[in-house]
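# Remarks on the overall topology
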Amino acid sequence: MKKSYGLFSRYILSDTLPLEGRILNLVILFGIIAATFYSAARAVEEETPVFLIITLSIVIVAVTLLILSNKFHVYSVMSRIAVLLVCHILLPLLSFFVGGIDSGMPAFFVMSIVLIFLVINGVECLINVVLNMLIISFCYYFQYRNPDLIKPFDTEILRIADHLQVIFAAGLFIGFVIKFQNSIYIAEKRKADAASRAKADFLANVSHEIRTPLNAIIGLGELELRKKSDAETLSNLEKMYNSGQILLSIINDILDISKIESGKFELVPVDYNLPSLIHDTVIINIVRIGSKPLTFKLKVNETLPTSFHGDELRIRQILNNILSNAFKYTRQGEVELFVDWENGPGQDKENCMLVFTVRDTGIGIKSEDLEKLFSDYNQVNTQSNRNIEGTGLGLSITKQLTEMMNGSIAVRSEYGKGSTFTVRIQQKVVNPNPLGKEIADTLENFKYAAARRELTNNLSYVQIPYARVLVVDDINTNLDVARGMLMPYGLEIDCVNSGRQAIERIKSGNIKYDAIFMDHMMPEMDGIEAVRIIREEIATDYAKNVPIIALTANALVGNAEMFLGLGFHDFISKPIDIKKLDSIVQKWIRDPEKEKSREFRKEGTAPEGENNPPVSLTSIDIEGLDIQEGLKRFANREESYKRILKSFVVNMPALLDKVRSWISVNAALLEGEDTESSKEGKEAALSEYTITIHGIKGSCYGVGAQKTGKMAEDLEMASRRGDLDFIRINTADFMEKAESLMAEIREKVNF
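Residues numbered from 1 in each chain as written. Predicted model: local features only at pLDDT ≥ 70, side-chain atom pairs only at ≥ 80, totals over all residues. Heavy atoms only, no water.

## Quick look at the packing of helix H14 (residues 476-486) against helix H22 (residues 638-665)
- Between H14 and H22, the least distance of the axes is 8 Å, while the angle of their chain directions is 170 degrees. The angle between the axes of H14 and H22 places the two elements in the roughly antiparallel class. Every residue of H22 that contacts H14 at Asn 476, Thr 477, Asp 480 and Val 481 is listed here: Ile 644, Ser 647, Phe 648 and Asn 651.
- When its residues are assigned to classes, the contact of H14 with H22 shows three nonpolar, four polar and one charged. (Axes fitted to C-alpha atoms, helices over the stretch in contact; angles between N-to-C directions. Helix = DSSP H or I, 4+ residues; strand = E, 2+ residues; numbered from the N terminus. Parallel < 35°, antiparallel > 145°, perpendicular 65-115°, else oblique. Contact = heavy atoms within 4.5 Å. Nonpolar A, V, L, I, M, F, W, Y, C, P; charged D, E, K, R; others polar.)

As C-alpha cells, this is what we get:
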C-alpha cells in the first residue's frame, strides 16, 4: 500500500513533473483502473471474446503510453496518441459490443471529450473535440440505422448494473480531475503568493543597498553644484545629478508597485510647504528639456493655502510622474503646469482638493490606447517610443496613489497634438493663509529657490535668556553639539548622560525646564522608557506637560508619529538640522509673553562673532571630516565648532575602548565558538554593542565626520540584524579609521 502511494505521489502529485505530464499520468492511470474493473465485471457476465480483446487493448495501450511518456518525457506526443487510439477508435468500437447507446457508453463518451480537453491544447484541442463528437454522432446514427448489429443486454438488471458502474466511474473520474485541478491551482497560488512576497521582501531589502550609493551620488552632486565651477563642469554635474534623480525615480517605481501588490504600502502624512513642493519637483523635471525646442510655463493660483497635511513624498511622486511624462513625450512646443485648488460642495473648511493639471503639445495618445494607459508595466505605442526611458509603472502607480488619497486622475488626448492630465488629491489645510502674488510670481519665474536660500542664510537667533533646557544624551560629544547649536539663543543649557539622571532632575522639582531634548537610544534606560516614567510615574502637572523633544540618529519615515504617540512633543533627527532646531525653539521654548516685560536684543542680531567668517579651519584639510558642513551646523561660528571638535577627540577614545572591550569579551561569540550562550545572552551582547556604536555614529555625524559615521552606521545595522561576521570583519577597520581621524584633528587643529 505504501509503495503504491509512493508511485502515485511520484507520478501524479509531484511538482517535479510538468503539469501536462501529471495530468496525462492521472488520466491514463484512471483509464487503466476503469478498463480493468469494467472488463472484470463484464467477464463475469460471460461476454464475447471480442469485447475482452478491446478492453484488454485499452489497458495495454494505456500502460504503454504511461511507460513511454514518463521514460522519454514526450507527454504531448503521447497525449495525441492516447486521444487517437482511445477516444477516436477503441471506445467507439467498444460501444458496438456492450449495448451501444442503451448501455453506459454515453458516460464513456462524455469522459472521452473531457479527456481531450485535459491533455490537448489550443486549436488542436478544438479539432479533436469536433472530430470526436462526429464519431460519437456516427455511433448513434449507426445504431439507429442498424439496431440488429448492436449486441443487446440479456436482462434488464444487467443493463441497469452496466449503467450504474459506468456512472460511478465517470463521476469519480470527473470529480477526481476537478479536485486534482483545484489542488494544482491552490499549490500554484501559494507559490505565486510566496514568490510575490519574496519579490517584495527582496526589493525592500535591496532598496537600501541601492539607495545608499545613489543618495551619495545625488547628494555629492548637489553639493558640488553649489560651488563656483566652470560652465563645462557645472553642465556635467547637472547631467550626473539629474541622471541620478531619474534612476532613483525608476527604483522607487519598482519598489512601490511591489509594495502595492503585496498590500504593504502605507501613506505617511506630514505637514508640508506647498511652494517648496512645487519648486523642487519642477526644477528636477525642467532639465529634461535639454536641447529640445520646448518651453515650460508654470501657473500657480495665488489663493492657494501655504501648507497642507498629507503624504508629501507621494504627492511629489505623482507630480513628478505626470510632469516627466510630458517632457519625455513632447519633442517641441510647450509644457504647462497649472496648480490650483477646489473647496466647493462636499469639502469642509479643513479639507480641499489640490489640483495639478499638466498640458503638453506632445505626440498624444491613440484612443484605443487610453484604456491601457494606467496598467502595470505598460508603455503605449512602444514602437515609436522605444528610445524613451521608463518602466511603464509611473502612471499605474500615480492612479493607485491618487485613489488611496481619495482623489482621481483624468486624461484628455488627441493623437499627434498633445495630452492633458488632471490630478485631484484630497488634502488637509494646515495654514489657510494664501500664498500671495509675490510667492506665486517667484515660483512662476523659477526664483523661489534663491529666495528660500536667502531666508535660510539669514536665519535669526531670537534671544530667550529666560529659558532653560535639559539635554539628555549618553555621549558627551553629542551633548556638546546640542549645547553649541543652542548657545546662540542665549538660554541656559543643562546636560545629563542618562535617562535616570533626567528623571531625578524632574522628580526633584528644583528646576522647571522649558523643554527637554531626550536621546532615543541610551544604555540601561532608553529615552522612550525615561519619558514614560516622567509622564506616568512622576505624573505631576509639570511632568505631564513639559515639552520633550526626541533626538535620534534613526531618521526613518514614521518615526515622528511613533514618538508623538509615546509622550514626546516633537522629533528631530541627528545630525541636527539648524532650521529644524530653530522651528522647535520657536514652537516649544520661546514665550512671547515673557519677552514683553524684559529688554532683549532685537531679533535678527546674533551673539558677537557669530557671523565672523571662518579663518583657520577652512584653510586646513582633514580626510574624512567635512569642515564646511560642520561649520554650517554651528552658523559658521568657528570657535563653537572647535569646541565641539575638541570634545570629540577627548570623549571618543573612551567609546572606542568600550568597543575594544566588547570585542575582547565576545571573541568566542564572533568566531562562532560560543555554543553555550543562550539566545537571550547573545541578544543582550549585541544590544550593548548596538547602543555603543549608535552613540559613536551620532557623534561622528554631529561633527561632520561623514565617512566614519557611515562606517559606524553600517556596523549598527549589522548588529541589529545579528550579522556577527560583518562586525568581526569590519570593526577593526572602523576603529583604525576613527583613531586616524582623531589624530589628524589633534595635529591640524592644535588640540
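## Points about the pattern of salt bridges
- Using the criterion set out here, one finds 23 salt bridges in the structure.
- Among the ionic pairs, Arg 468 bridges to Asp 494, the shortest N-O distance being 2.9 Å. Of this pair, Arg 468 sits in strand S8 (residues 468-472) while Asp 494 sits in strand S9 (residues 492-496), and the two are 26 residues apart along the sequence.
- For Arg 468, a relative accessible area of 24% puts it in the partly exposed group. (Salt bridge = Lys/Arg side-chain N within 4 Å of Asp/Glu carboxyl O. Buried < 20%, exposed > 50% of the residue type's maximum accessible area, 1.4 Å probe, protein only.)

## Let's talk about the sheet that holds S8
- An order of S9-S8-S10-S11-S12 is seen for the five strands of this open sheet, with the pairing classed as parallel. Only two strands of the sheet have a single neighbouring strand rather than two, namely S9 and strand S12 (570-573). For this sheet the average axis-to-axis angle between neighbouring strands, irrespective of direction, equals 20 degrees.
- Where S8 meets strand S10 (residues 515-519), four bridges bridge the pair, whose relative direction is parallel. Counterpart to Leu 470 in the pairing with S10 is Ile 516.
- Lying on the sheet, helix H15 (residues 499-508) is in contact with S8, S9 and S10; it crosses S9 at an angle near 130 degrees. (Pairing = 2+ DSSP bridges.)

## Some words on the nonpolar core
- Within the largest apolar cluster, 64 residues are counted, with the highest numbers of intra-cluster contacts made by Phe 517, Leu 625 and Ile 696.
- With 10 residues, H22 is the single largest residue contributor to this core.
- Non-local contacts of Phe 517, meaning those with residues more than four positions away in its chain, are made with Val 469, Leu 470, Val 471, Val 472, Leu 486, Ile 549, Leu 551, Leu 581, Ile 584 and Ile 589.
- Among the nonpolar cores identified, the runner-up in size contains 40 residues, and Leu 298, Leu 319, Leu 337 and Val 423 belong to it. (Core = buried A, V, L, I, M, F, W, Y, C linked by side-chain atoms within 4.5 Å.)

## With respect to the pairing of strand S4 (residues 333-342)
- Here seven bridges tie strand S2 (residues 294-300) to S4, and the two strands are oriented parallel to one another. Its bridge partner lying in S4, Leu 294 is registered against Gly 333.

## Observations concerning the side chain of Gln 317
- Tracing the chain through its elements places Gln 317 in helix H10 (residues 312-328).
- Only 2.6 Å separates the side chain of Gln 317 from the side chain of Arg 314, close enough to count as a polar contact. (Polar contact = N/O pair within 3.5 Å; in protein donor to acceptor, adjacent residues only side chain to side chain.)

## Concerning a nonpolar patch on the surface
- On the surface, a cluster of nonpolar side chains totalling about 610 Å² of accessible area is made up of Ile 157, Ile 160, Leu 164, Ile 167, Phe 168 and Leu 172.
- Among the secondary structure elements, Ile 157 is positioned in helix H7 (residues 156-226).
- The class for Ile 157 is exposed, based on a relative accessible area of 59%. (Patch = residues over 30% accessible without salt bridge, like charges linked within 9 Å, V, L, I, M, F, W, Y side chains within 5 Å. Areas by Shrake-Rupley, 256 points an atom, 1.4 Å probe, with all protein chains shown as cover.)

## Brief notes about H10
- The first and last C-alpha atoms of H10 sit 24 Å apart over 17 residues, in line with the 24 Å expected at 1.5 Å per residue.
- Of all 17 residues that make up H10, 15 are buried, and the element is covered over most of its length. (Expected span 1.5 Å × (residues − 1).)

## Brief notes about the confidence of the model for the protein chain
- Scored by pLDDT, the protein chain comes out at a mean of 76, with 72% of its residues at no less than 70.
- Per-residue pLDDT stays below 50 along residues 382-392; that stretch engages in 23 contacts with residues further than four places along the chain or on separate chains.
- Note on residues 452-458: pLDDT is under 50 here. Beyond four places in sequence and across chains, it has four contacts. (pLDDT = per-residue confidence, 0-100.)

## Section: helix H5 (residues 105-119)
- Taking 1.5 Å per residue as the helical rise, H5 with its 15 residues ought to reach 21 Å, and the 21 Å between its terminal C-alpha atoms agrees with that figure.
- Listed in full, the buried residues belonging to H5 are Met 105, Ala 107, Phe 108, Phe 109, Met 111, Ser 112, Leu 115, Ile 116, Leu 118 and Val 119.

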